[in-house]
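Results of the structural survey
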Amino acid sequence: MTPPVVLTIAGSDSGGGAGIQADLKTFAALGAYGASVITAVTAQNTVGVTRIHPVPAEIVAAQLDAVLSDLPVAAVKVGMVGDAAVAEVIAARAGELPHLVVDPVLVATSGATLGNAAFVERLVAYAQVLTPNRREARALARDQGGSPEADAAVLAARGARAVVVTGSELAVDVLRYDGVTEVLTGEPVATANNHGSGCTFSAAIAVRLAAGDAVPDAVRAAKEYVTVALRGGSEWRLGAGPGPLNHFA
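Analysis parameters
- Residues numbered from 1 in each chain as written.
- Predicted model: local features only at pLDDT ≥ 70, side-chain atom pairs only at ≥ 80, totals over all residues.
- Heavy atoms only, no water.
- Helix = DSSP H or I, 4+ residues; strand = E, 2+ residues; numbered from the N terminus.
- Rg over C-alpha atoms; globule rule 2.2 N^0.38 Å.
- Buried < 20%, exposed > 50% of the residue type's maximum accessible area, 1.4 Å probe, protein only.
- Contact = heavy atoms within 4.5 Å.
- Lys, Arg positive; Asp, Glu negative; His and termini not counted.
- Charge placed at Lys NZ, Arg CZ, Asp CG, Glu CD.
- Axes fitted to C-alpha atoms, helices over the stretch in contact; angles between N-to-C directions.
- Parallel < 35°, antiparallel > 145°, perpendicular 65-115°, else oblique.
- Nonpolar A, V, L, I, M, F, W, Y, C, P; charged D, E, K, R; others polar.
- Salt bridge = Lys/Arg side-chain N within 4 Å of Asp/Glu carboxyl O.
- Core = buried A, V, L, I, M, F, W, Y, C linked by side-chain atoms within 4.5 Å.

Some points on the overall build of the protein chain
- For the protein chain, the count of helices and strands is eight helices and nine strands.
- For a compact globule of 249 residues, the expected C-alpha radius of gyration is about 18 Å, and the protein chain comes in at 16 Å, within 12% of that figure.
- With respect to the principal axes defined by its C-alpha atoms, the protein chain has extents near 45 × 40 × 40 Å.
- Scored against the burial criterion, the 249 residues of the protein chain give a buried share of 51%.
- Within the protein chain, contacts between residues at least 6 apart in sequence are counted, and of these 66% link residues at least 24 apart.
- Computed over 17 positive and 23 negative side-chain charges, the separation of the two mean positions in the protein chain equals 3 Å.

Structure follows, in structure tokens:
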């Protein structure tokens with residue numbers, strides 16, 4: 001049976017824990033065929049990010065055109081955008097990007113700045129699902145919200161069809177969908193190995209949407225998958241900083 005094709009448009013993490021690498025692992029673990037468009041090359045590990053090299057917008061566009069012209073893409077996850085020109089490339093092709101999940105990657109787990117809220121704002125209106133963490137939601141809402149619930153409502157009003165404000169370590173997420181706000185509680189996992197958890201969550205949502213799940217079901221399934229992956233890698237000792245998830249747990 002031919003697997004669904006899911007595309008990730010994101011940055012490369014040389015440490016393998018987040019970005020393109022985490023997305024492709026998630027796609028494979030959940031039975032999808034992963035394709036990728038790289039927006040930036042980062043030099044990073046579990047400790048931090050030392051260099052970022054943005055990929056020129058015309059190369060991003062060429063990668064995207066190559067994938068879309070040949071592969072039957074069923075869902076798309078956008079992570080690190082990089083710059084305004086890349087955001088414009090994605091926005092211009094938004095009509096060709098089914099089940100678009102936008103993960104506003106603004107700050108790495110290590111604290112390094114990876115994106116600008118203004119670039120992500122260009123894509124909010126095209127997102128079927130927007131997945132900011134609480135700090136990212138506050139930045140995107142530009143203080144018009146004030147709580148995860150209020151921030152989600154603000155972002156939904158700007159065009160995102162669904163917004164999930166993630167609670168990370170607390171495992172408490174806020175879902176705004178179809179005009180209704182719901183708090184999703186999960187099982188917290190006591191581990192420092194959470195590098196790439198946001199990337200993994202959004203990638204898993206894209207896979208489930210490609211499989212035909214409704215948005216609430218896709219979000220819940222992705223939340224369960226991240227919990228299992230966090231638990232599976234909780235005892236790993238990879239690097240001196242926050243380690244990765246076990247995507248194949």
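And the narrative resumes.
Overview of the packing of helix α3 (residues 84-92) against helix α4 (residues 117-124)
- At a closest axis distance of 9 Å, the pairing of α3 and α4 adopts a crossing angle of 10°. By the angle between their axes, α3 is roughly parallel relative to α4. In this structure, α3 contributes Ala84, Ala87, Glu88, Ile90 and Ala91 to the contact, and α4 contributes Phe119, Arg122 and Leu123.
- Classifying every residue of the contact of α3 with α4 gives six nonpolar, no polar and two charged.

Quick word on unusual backbone geometry
- For His99, which is not glycine, the phi dihedral falls at a positive 45°.
- Tracing the backbone shows His99 in the loop between α3 and β5 (100-102).
- Phi angles above zero are rare outside glycine, and Asp178 is one such case at about 55°.
- A relative accessible area of 65% places Asp178 in the exposed class.

Focus on the pattern of salt bridges
- Scanning all chains against the criterion turns up nine salt bridges.
- The residue Asp173 makes a salt bridge to Lys223 at a minimum N-O spacing of 2.8 Å. Taken together, the residues span a long stretch of sequence, with Asp173 in strand β8 (residues 172-177) and Lys223 in helix α8 (residues 215-232) at a distance of 50 residues.

Thoughts on the nonpolar core
- If you look at the biggest cluster of nonpolar residues, it comprises 39 residues, and the most contacted ones within it are Leu7, Ile9, Val76, Val78, Val102 and Leu130.
- For Val76, the residues in contact, after removing those within four places along its chain, are Leu7, Ile9, Leu97, Pro98, His99, Leu100, Val101 and Ala206.
- One finds Ala32, Ala75, Ala206 and Val207 within the second-largest nonpolar core, a separate group that totals 27 residues.

Functional significance is not addressed by these values, which are geometric in nature.
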